[in-house]
Amino acid sequence: MGGVGPMLGQAHHFRIYAPEKIAYAVDRYTNEARRLYGVMDKRLARSRYIGGKDYGIADMAIFPWLRSWKNQGISWADFPHLKGWFDEIAARPAVIRGVDVLTGQRRRLDDDPKAREMLFGQTQYARR
């Protein structure tokens with residue numbers, strides 16, 4: 001669970017946001033995304049949830065990262081147990097409400113040069 005955020009974040013960065021497409025980085029993090037999806041799929045072949053029989057914090061922490069599966073170069077067909085888990089979590093009423101809040105607040109970085117600079121430019125390193 002601990003590697004999901006950092007590694008999938010890197011996959012997003014190099015596949016979607018990096019100003020220069022570096023094949024090595026794209027391949028490295030896309031492959032790591034697939035490896036992590038495989039680990040989770042294998043776990044969910046034996047367990048209803050990531051941490052065991054009950055829905056828990058690991059499920060809550062992982063789910064948002066998997067909403068961007070296309071951006072990570074993933075095909076759900078390769079991970080049927082994880083896809084079933086994902087669909088179950090996505091159907092939870094509290095998750096639906098949370099996703100709705102996020103959807104209303106999300107901005108496209110392509111449309112906001114200042115936000116893009118804050119996240120990926122030199123501004124991110126400025127002392128605040």
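Each residue is numbered by its place in its chain's sequence as written, counting from 1. Residues qualify for local features only when their pLDDT is at least 70, as the model is predicted, and side-chain atom pairs are given and counted only at 80 or more; totals for whole chains, interfaces and linings, by contrast, use all residues. No hydrogens and no water enter the side-chain calculation; it runs on all heavy atoms of the structure.

1. Focus on the overall build of the chain
Filter applied, for reference: In DSSP terms, a helix is any run of H or I states spanning at least four residues, a strand is any run of E spanning at least two, and both are numbered starting from the N terminus. Contact definition: two residues touch when any of their heavy atoms are within 4.5 Å. Shrake-Rupley sampling with a 1.4 Å probe provides the accessible areas, and residues are treated as covered by the protein chains on show and by no other component. Asp and Glu are treated as the negative residues and Lys and Arg as the positive ones, with His and the ends of the chain left uncounted. In plain terms, the charge of a residue is placed at NZ if it is Lys, CZ if Arg, CG if Asp and CD if Glu.
For the chain, the count of helices and strands is 6 helices and 0 strands. Secondary structure elements of the chain, listed N to C terminal, follow the sequence α-α-α-α-α-α. The principal-axis extents of the C-alpha atoms in the chain amount to approximately 45 × 35 × 25 Å. Excluding contacts between residues fewer than 6 apart, the proportion of contacts in the chain whose partners are at least 24 apart in sequence is 60%. Approximately 8,400 Å² of the chain is accessible, and the part contributed by carbon and sulfur atoms is 55%. The averaged location of the 14 negative side-chain charges in the chain is 3 Å from the averaged location of its 22 positive side-chain charges.

2. Concerning the packing of aromatic side chains
Counted only if it meets this: Two aromatic rings, drawn from Phe, Tyr or Trp (for Trp, its six-membered ring), form a pair once their centres lie within 6.5 Å of each other, and the interplanar angle then sorts them: stacked below 30 degrees, edge-to-face above 60, tilted otherwise. Exposure categories follow from relative accessible area, calculated using a 1.4 Å probe and restricted to protein chains: below 20% of the type maximum is buried, above 50% is exposed, and the middle band is partly exposed.
Under the definition given, this model contains 7 aromatic pairs. Judged by centre distance (4.9 Å) and plane angle (25 degrees), the rings of Phe63 and Phe86 are stacked. Pair noted here: Phe63 is in helix H3 (residues 57-66) and Phe86 is in helix H4 (residues 80-90), with a separation of 23 residues, a long-range link. Each member of the pair, Phe63 as well as Phe86, is classed as buried. Ring geometry for Trp76 against Phe86: centres 5.1 Å apart, planes inclined by 40 degrees, an arrangement best described as tilted.

3. Describing the nonpolar core
Stated formally: Put simply, buried Ala, Val, Leu, Ile, Met, Phe, Trp, Tyr and Cys residues joined by side-chain atoms within 4.5 Å make one nonpolar core.
In this structure, Tyr37, Met40, Leu66, Leu82 and Trp85 are the most contacted members of the largest nonpolar core, which totals 22 residues. Looking at this core, the elements with two or more residues in it are helix H1 (4-17), helix H2 (23-44), H3, H4 and helix H5 (93-105). It is H2 that provides the largest number of residues to this core, a total of 5 residues. When residues no more than four places from it in sequence are discounted, the contact partners of Leu66 are Leu8, Tyr37, Met40, Trp76, Leu82, Trp85 and Phe86.

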